[in-house]
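Structural description and commentary
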Amino acid sequence: MVPTVRDRKHTTTTAAPRTLQLVTFTGGVAEYGLDIASITEVIRPLPVTPLPHMPVFIEGVINLRGVIIPVVDLRKRFGARAEEDTARSRRMLIIRGAARGLLGLAVDGVREVLLVPESSIAAAPEAATGAGADFIAGVAKVADRLVVLIDISRILSVDERASLTEAGDVPA
């Protein structure tokens, strides 16, 4: 039987909890997460051409199907120590949103895609919100582990973006 208009007025509906779809990956010993909408693809690492006078964590640039893309090593960016023998599992996340063009993120490995309820996400700890760490958007509690959420628009500082722009690899 189809409910009448009168019946519908007295029916309560529960809104589904809002969720974020995250791609999780490792960089050193920690697990990080990015909104899946910011990732265009995941690839095996390509040869990187170094650029002079760049911050130590900017590895250089890659040529991905004719597009020149700067590459940031997240392990170095976060000051994390390396896992043992990561060469086989290393990946590059090609992302948009960190600069006007694309950016490659070299990570130790990609873990999984998660649906995380917003209620499971805490704000970034106060100790992780200062200069040099303002790219930390929060922390997701997923089962028995914590996933550090990255704000990709803040992964590079204004000065770091300017360095890449001067090198001619990222549009201003």
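These notes cover the structure that comes with them.

About the cut-offs
- Residues numbered from 1 in each chain as written.
- Predicted model: local features only at pLDDT ≥ 70, side-chain atom pairs only at ≥ 80, totals over all residues.
- Heavy atoms only, no water.
- Helix = DSSP H or I, 4+ residues; strand = E, 2+ residues; numbered from the N terminus.
- Buried < 20%, exposed > 50% of the residue type's maximum accessible area, 1.4 Å probe, protein only.
- Contact = heavy atoms within 4.5 Å.
- Areas by Shrake-Rupley, 256 points an atom, 1.4 Å probe, with all protein chains shown as cover.
- Pairing = 2+ DSSP bridges.
- Axes fitted to C-alpha atoms, helices over the stretch in contact; angles between N-to-C directions.
- Salt bridge = Lys/Arg side-chain N within 4 Å of Asp/Glu carboxyl O.

The next point concerns the overall build of the protein. A tally of regular secondary structure across the protein gives three helices and eleven strands. In sequence order, the protein lays out its α and β elements as α-β-β-β-β-β-α-β-β-β-β-β-β-α. Among the 172 residues that make up the protein, the fraction classed as buried is 39%. In the protein, the share of contacts with a sequence separation of at least 24, taken over all contacts with a separation of at least 6, comes to 56%. In the form shown here, the protein has an accessible surface area of approximately 10300 Å², with 53% of it arising from carbon and sulfur atoms.

With that settled, the discussion passes to the sheet that holds strand E3 (residues 39–43). The strand order across the open sheet formed by five strands is E3-E6-E7-E5-E4, and the pairing between neighbours is mixed. Looking at strand neighbours, the two that pair on one side only are E3 and strand E4 (58–64), the edges of this open sheet. Across this sheet, the average inter-strand angle for adjacent strands is 30°, counted without regard to direction. Summarising the sheet, E4 and strand E5 (residues 67–73) pair through six bridges and their orientation is antiparallel.

Moving on, we get to the pattern of salt bridges. Inspection of the entire model under this criterion finds ten salt bridges. For Glu 31, the salt bridge goes to Arg 145, with nearest N and O atoms at 2.7 Å. Within this pair, whereas Glu 31 is found in strand E2 (residues 30–35), its partner Arg 145 is found in strand E11 (residues 145–150), the two being separated by 114 residues in sequence. Each member of the salt-bridge network shares a partner with another, and the members are Glu 31, Arg 111, Glu 112 and Arg 145.

Glancing now at the sheet that holds strand E8 (residues 109–117). Across a sheet, strands are paired by hydrogen bonds formed along the backbone, either parallel or antiparallel in direction. Reading across the sheet, the six strands line up as E8-E1-E2-E11-E10-E9 and stay open at both edges, with mixed pairing between neighbours. Looking at which strands have only one partner, the edges of the open sheet turn out to be E8 and strand E9 (121–123). Strand-to-strand twist across the sheet, computed as the mean angle between neighbouring axes with direction ignored, equals 35°. One ladder, built from eight bridges, connects strand E1 (residues 19–27) with E8; its direction is antiparallel. The partner of Val 23 across the bridge, within E8, is Val 113.

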